[in-house]
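Structural overview for review
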Amino acid sequence: MTKPSKVSCNVDLAKAGKQVGFLAAPHSRNDSGWGSARFPLAVIRNGSGPTVFFTGGNHGDEYEGPIALTRLIQNLDPARVQGSVIVMPYLNAPAVAAGARLSPIDGVNMNRAFPGERDGTVTRMIADYLTRHVLPRADVVCDIHSGGKTMYFSPFGAIHDLDDKALMKRAQEALVAFDPPIALILRELDAEGMIDSEVEGKGKVFVTTELGGGGTTTRATLDVAEHGIMNLLKHFGVLEGKPVRRASRGLAPSRMMTMPDAAYVIADHGGLLEMLVDIDQAVREGQEIARIYQVDRPGEAPVVYRASCDGVLLGRAHPCLIKPGDFLAMVAQQA
Ligand code: CA
């Protein structure tokens, strides 16, 4: 028998109405001996229906999720809800407060901390609490990501290629309902420890996004998040009505895309990155897509990087200064 979590929750997930509270993990430190770290959590519940769990700020420098989900908490009237909407707009709250990807408390990436550890550091304790007490209640989890300060993406929604094809079909229907500009079957570089794998492993629908990046938002990227959130709630019957299509708002319809084996380009050199193609631009296999200039050798030719497959540039490194081993670019193909 596992010992109870050291994390406490001051809202009742089974109670009707709207409650806005937090998870609290014990966090003793020099400036607060009996202190705790708080992770905001809201529940909006009414009648009977599915439970949708929305998370943003899993990485603390990605902002569409935190802003769109804060608005959801404030604007969603429980009387309109059939079921439950659980919202953690700042999943890694200390990281969001610090404007950093990782928690400043323990240096841990929330999205590599799952399933978590009861006796682990603060981030791992929260992951363990979610795995044991929140994910089992959810029918659907939507985790809203963006590129953060170090990456930039053409805004896309995504699901994974799952062995469980029936689950994948339900996830794909949810993704189509979310109605992002690009609907991608995403291949992860490093999937272990992600909330994604934990949710999918429990046989539940998981939808994620990468919306812009660079450590900020735009009106367009926030709109993708807000449009998708409302559509997902309608798709699962938590809100009344049918998902609204992009076309009916004068926008280009969602494009289905997949990632080839050679989708990722990783930097092998350090220096100044010059991108030769822009996001959303078509590339051919072998085409020069970037150059890296070594900052201590201005007389030497830059190192050239080429696309390793045909497709469209969907993501790139955001800072100009790049190091060996860094993500440089990502290519996707029309499905
Ligand atoms: Ca992220």
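This is a predicted model, so every value here is computed, not measured.

**Quick word on the overall build of the protein chain**
For the protein chain, the helix and strand inventory stands at 6 helices and 18 strands. Expressed as a percentage of its 335 residues, the buried residues of the protein chain come to 51%. Taking as baseline every contact in the protein chain between residues at least 6 positions apart, the subset at least 24 positions apart corresponds to 70%. Of the roughly 14,500 Å² that the protein chain leaves accessible, carbon and sulfur atoms contribute 51%. Measuring between centres, the 35 positive side-chain charges of the protein chain sit 7 Å from its 38 negative side-chain charges.

**Description of the nonpolar core**
The tendency in soluble globular proteins is for nonpolar side chains to be buried as a group. Counting residues in hydrophobic clusters, the biggest one holds 36 residues, and the most contacted among them are Phe54, Leu72, Leu76, Val85, Val87, Ile229 and Leu233. Setting aside anything within four residues of it in sequence, one finds Val87 in contact with Pro40, Leu41, Ala42, Phe54, Leu69, Leu72 and Ile73. Within the second largest apolar cluster, 31 residues are counted, among which are Leu41, Met125, Tyr129 and Leu135.

**Concerning the sheet that holds strand β15 (residues 303–306)**
Across the sheet, 4 strands lie side by side as β15-β14-β12-β17; this open sheet has antiparallel pairing. Pairing within the sheet leaves two strands with one partner each, and these edge strands are β15 and β17 (321–322).

**Section: the coordination of the calcium ion**
The protein atoms that coordinate the calcium ion are His59 (ND1), Glu62 (OE), Glu62 (OE) and His145 (ND1), at distances of 2.2 to 2.6 Å. Linear spacing of the donor residues for the calcium ion on their chain is H-x2-E-x82-H. Residue His59 is classed as buried on the basis of its relative accessible area of 4%.

**Quick look at the domain arrangement of the protein chain**
With domains assigned, the protein chain is organised as domain 1 (8–258) and domain 2 (264–334). Taking only C-alpha atoms into account, the centre of domain 1 sits 30 Å from that of domain 2. Taken residue by residue, the interface counts 18 residues in domain 1 and 16 residues in domain 2. Where domain 1 abuts domain 2, roughly 1,400 Å² becomes buried across the two surfaces, and 64% of that area is made up of carbon and sulfur atoms. Looking only at domain 1, the three residues that lose the most surface to domain 2 are Tyr152, Leu189 and Met257, adding up to 33% of its buried area. Counting every contact that joins domain 1 to domain 2 gives 0 salt bridges. Counting across the interface, domain 1 meets domain 2 through 6 residue pairs in polar contact (both at pLDDT 80 or more). Elements with a contribution of two residues or more to the side of domain 1 that touches domain 2: β7 (151–160), β8 (182–186) and β10 (255–258).

**Some words on the side chain of Lys234**
Structurally, the position occupied by Lys234 is in helix α6 (residues 219–235). Residues within four places of Lys234 in sequence aside, it is in contact with Leu239, Glu240, Gly241, Lys242, Pro243 and Val244.

**Section: α6**
The terminal C-alpha atoms of α6 lie 24 Å apart, and with 17 residues this matches the ideal 24 Å at 1.5 Å per residue to within 8%. In terms of burial, α6 is a largely internal element, 13 of the 17 residues being buried. Within two residues after α6, Gly237 carries a phi angle of roughly 80°, on the positive side.

**Here we look at unusual backbone geometry**
Of the consecutive residues Phe114 and Pro115, the connecting peptide bond is found in the cis state with omega at 5°. Note on placement: Pro115 falls in the loop between α2 (93–98) and α3 (122–134). Its identity as a non-glycine residue notwithstanding, Asp280 has a phi of 80°, on the positive side. Within the secondary structure, Asp280 sits in the loop between β12 (271–275) and β13 (282–283).

**Quick look at the packing of aromatic side chains**
Tallying each qualifying case throughout the model produces 3 aromatic pairs. Note on Tyr264 and Phe327: the rings are 6.3 Å apart at their centroids and 70° apart in plane angle, and the pair reads as edge-to-face. Pair noted here: Tyr264 is in strand β11 (residues 264–266) and Phe327 is in strand β18 (residues 327–334), with a separation of 63 residues, a long-range link. Through a chain of ring-to-ring contacts, three or more aromatic side chains come together here, namely Phe153, Phe156, Tyr264 and Phe327.

**Brief notes about the layout of surface pockets**
Space left empty within the atom packing is revealed by a probe, the size of a water molecule, rolled over the atoms. The space that makes up the largest pocket amounts to roughly 710 Å³. Within the residue set of the lining of the largest pocket, elements represented by two or more residues are β7, β9 (205–213), β11, β17 and β18. Here the lining of the largest pocket takes 3 residues from β7, the largest share from any one element. Taken together, the residues that form the lining of the largest pocket break down as 14 nonpolar, 8 polar and 10 charged. For the lining of the largest pocket, the two domains that each supply at least three residues are domain 1 (8–258) and domain 2 (264–334).

Parameters at a glance
- Residues numbered from 1 in each chain as written.
- Predicted model: local features only at pLDDT ≥ 70, side-chain atom pairs only at ≥ 80, totals over all residues.
- Heavy atoms only, no water.
- Helix = DSSP H or I, 4+ residues; strand = E, 2+ residues; numbered from the N terminus.
- Buried < 20%, exposed > 50% of the residue type's maximum accessible area, 1.4 Å probe, protein only.
- Contact = heavy atoms within 4.5 Å.
- Areas by Shrake-Rupley, 256 points an atom, 1.4 Å probe, with all protein chains shown as cover.
- Lys, Arg positive; Asp, Glu negative; His and termini not counted.
- Charge placed at Lys NZ, Arg CZ, Asp CG, Glu CD.
- Core = buried A, V, L, I, M, F, W, Y, C linked by side-chain atoms within 4.5 Å.
- Pairing = 2+ DSSP bridges.
- Donors = N, O, S within 2.8 Å, 3.2 Å for Na, K, Ca; no water.
- Domains from an automatic or database assignment.
- Buried area = accessible area lost by both parts, 1.4 Å probe.
- Salt bridge = Lys/Arg side-chain N within 4 Å of Asp/Glu carboxyl O.
- Polar contact = N/O pair within 3.5 Å; in protein donor to acceptor, adjacent residues only side chain to side chain.
- Expected span 1.5 Å × (residues − 1).
- Phe/Tyr/Trp six-rings, centres within 6.5 Å; stacked < 30°, edge-to-face > 60°.
- 1 Å grid on protein atoms, 1.4 Å probe; cavity = no way out; pocket = protein on both sides within 12 Å on 5 of 7 lines; lining within 4 Å.
- Points joined across faces, edges and corners; volume = space filled by probe spheres on them.
- Nonpolar A, V, L, I, M, F, W, Y, C, P; charged D, E, K, R; others polar.

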